[in-house]
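Read off the chains here:
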Amino acid sequence: MKKISMSILSLMIMITLAACGGSTSSGDVKVITVDAGGDIGNFNTTPSMTESSANPFPYNTLEVLAEEWMDLNPDYEIVINSTSNNGDRQVLVPQLNNRRAPDILFQNGTVINSDLGKGYYVKMNDYLESPNPYIEGNERWADIYVEDELATTMASDGGYYYTSLERIPVGIMVNLDIYNDAGLDDLPLNYTDFLHALEAMYNLEDKEAYATTYTWYDIVLEANMFSNLLPEVDVLRPNGMADTEELVRAYELGLWEPGLNTDGDLEGNLLYEYIKLTKAKTDFYPNNWQSFDAQTQFINGNLGMIEVTGAELRRMSINPNIDFEWEVMPFPDVTTDDHPDAGTPVVRGSAGLATSWFITNSAMDKGVEDAAADFLMFITAPQNNNRLIGDLKGGMPLNPDEDTEIASYLETLVEYYSADIEAARDGERVFWGAFTHWENLGYSYY
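Here's what I pulled together on the structure shown here. It should be emphasised that the depicted structure is a prediction, and the values quoted were computed from it without experimental measurement.

As a further point, take the side chain of Asp243. Tracing the backbone shows Asp243 in the loop between helix H10 (230–233) and helix H11 (244–252). Relative accessible area serves as the criterion here: at 6%, Asp243 is assigned to the buried category. At 3.0 Å, the side chain of Asp243 and the backbone nitrogen of Glu246 are in polar contact. Setting aside its immediate chain neighbours within four residues, Asp243 contacts Ser156, Arg237 and Asn440.

The next subject is the nonpolar core. Counting 52 residues, the largest nonpolar core has Phe194, Met201, Tyr210 and Met305 as its most contacted members. With eight residues, helix H9 (residues 216–226) is the largest single contributor of residues to this core. Ignoring any residue separated from it by four or fewer positions in sequence, one finds Tyr210 in contact with Ile172, Phe194, Leu198, Tyr217, Lys281, Phe284, Tyr285, Pro286, Leu303, Met305 and Glu307. In this structure, Phe106, Ala142, Phe375 and Ala381 belong to the second largest nonpolar core, which totals 46 residues.

Here the focus is the pattern of salt bridges. Using the criterion set out here, one finds 18 salt bridges in the structure. Residue Glu129 pairs with Arg140 through a salt bridge whose shortest N-O separation is 2.9 Å. Of this pair, Glu129 sits in the loop between helix H5 (125–128) and helix H6 (147–151) while Arg140 is found in the loop between H5 and H6, placing the two residues eleven residues apart along the sequence. In this structure, Arg140 engages Asp143 in a salt bridge whose closest nitrogen and oxygen atoms are separated by 2.7 Å. In this structure Arg140 comes out as partly exposed when scored by relative accessible area, which is 26%. The network of salt bridges with shared partners includes Asp333, Arg348, Asp420 and Arg429.

The next point concerns the pairing of strand E2 (residues 29–34). Across five bridges, the pairing between E2 and strand E3 (residues 76–80) is parallel. Paired with Val31 across the bridge in E3 is Glu77. With helix H2 (residues 61–72) bridging E2 and the parallel E3, this β-α-β connection has right-handed handedness.

Parameters and conventions
- Residues numbered from 1 in each chain as written.
- Predicted model: local features only at pLDDT ≥ 70, side-chain atom pairs only at ≥ 80, totals over all residues.
- Heavy atoms only, no water.
- Helix = DSSP H or I, 4+ residues; strand = E, 2+ residues; numbered from the N terminus.
- Buried < 20%, exposed > 50% of the residue type's maximum accessible area, 1.4 Å probe, protein only.
- Polar contact = N/O pair within 3.5 Å; in protein donor to acceptor, adjacent residues only side chain to side chain.
- Contact = heavy atoms within 4.5 Å.
- Core = buried A, V, L, I, M, F, W, Y, C linked by side-chain atoms within 4.5 Å.
- Salt bridge = Lys/Arg side-chain N within 4 Å of Asp/Glu carboxyl O.
- Pairing = 2+ DSSP bridges.
- Right-handed = clockwise from strand over helix to strand, strands pointing away.

In structure tokens form, the structure reads like this:
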């Protein structure tokens, strides 16, 4: 019995180490474990590659790419965990504290400032400044990203601690039957026309105008309203966005005032004006919006517009219950014609870089951080990234070409994004999250 108990204990330890990234080698081959979570959808191989209603998006592209990388790097083995922790901090933080997390780990990139100084992750700056060997002629891996967009992922200490695999599409899905029944034709591109459209749909009998599963547009509205402050605020780490320290500095200097004006009057306070903008659209929310199932109501033809990401577009686009015409549009701009305090508008079509993969302290302990970074270079190289992201059918690849398969429901958002990137280079637009005080100041601020 003692021998049996010891055998079971040994087996349990081996399984735990393999699942958490603790396995250091397989013979003479060094193992790199990967948590294959993602913002649009997980990159884990599906149980079957046969498409069905129960398995609408069969996928094994990460596994295929891992095999291709291992053929080029035979001293290493990529082990993709069968399921992802999906960024669950209750699971991941104990693993990171015990240095037993997967070697490559998916989390939301916004956790980085909370984790600084804890030794959880490999700093990627030197890798980003080095050539990507899988891109012909590349001298600097960072060049595969739009410079200002990459800069928005910088931590408050100036470091880059994760690699982004894609861009997340964001926009509004429109039921054209409801839209046309309300006497509307062209989709709105500015905030005034947008509110008029919401009001027209809101006045229809037995239909709802607008709902959301997450307040994405609020982020755009704030950046749109406050972007003109960036030259004065974004000065400690100039990267196209106001980070935590810069916001605190701006408050101390009186550049950014979230409270009352000196005379006690809220009118004219920029934060108050921003809140009024968000309130204007909520006037057309369903009366029971807190318990309103926006996706189901849209699918059933009862909702005119819904804010969506690529993941939601992917899921709803194949729903057999949708029996109406629909289209996707970007978030409308706020211009000075809509509000006298409006600043520079935001790049449309995308919420910026997504799917943040960190190299963790377990990789450091095993001495595989360079190989892990090399694997990330491999899957972000355009010829591979277009397959990795394109096959998942929900996100925007980093550098798509004419042969990249872009889902039809993403084409409009990709077109707006591509045009707006050029405008951003000329200073005519800012990037997603350029000014988002509630995210950067966090719970202490509340």
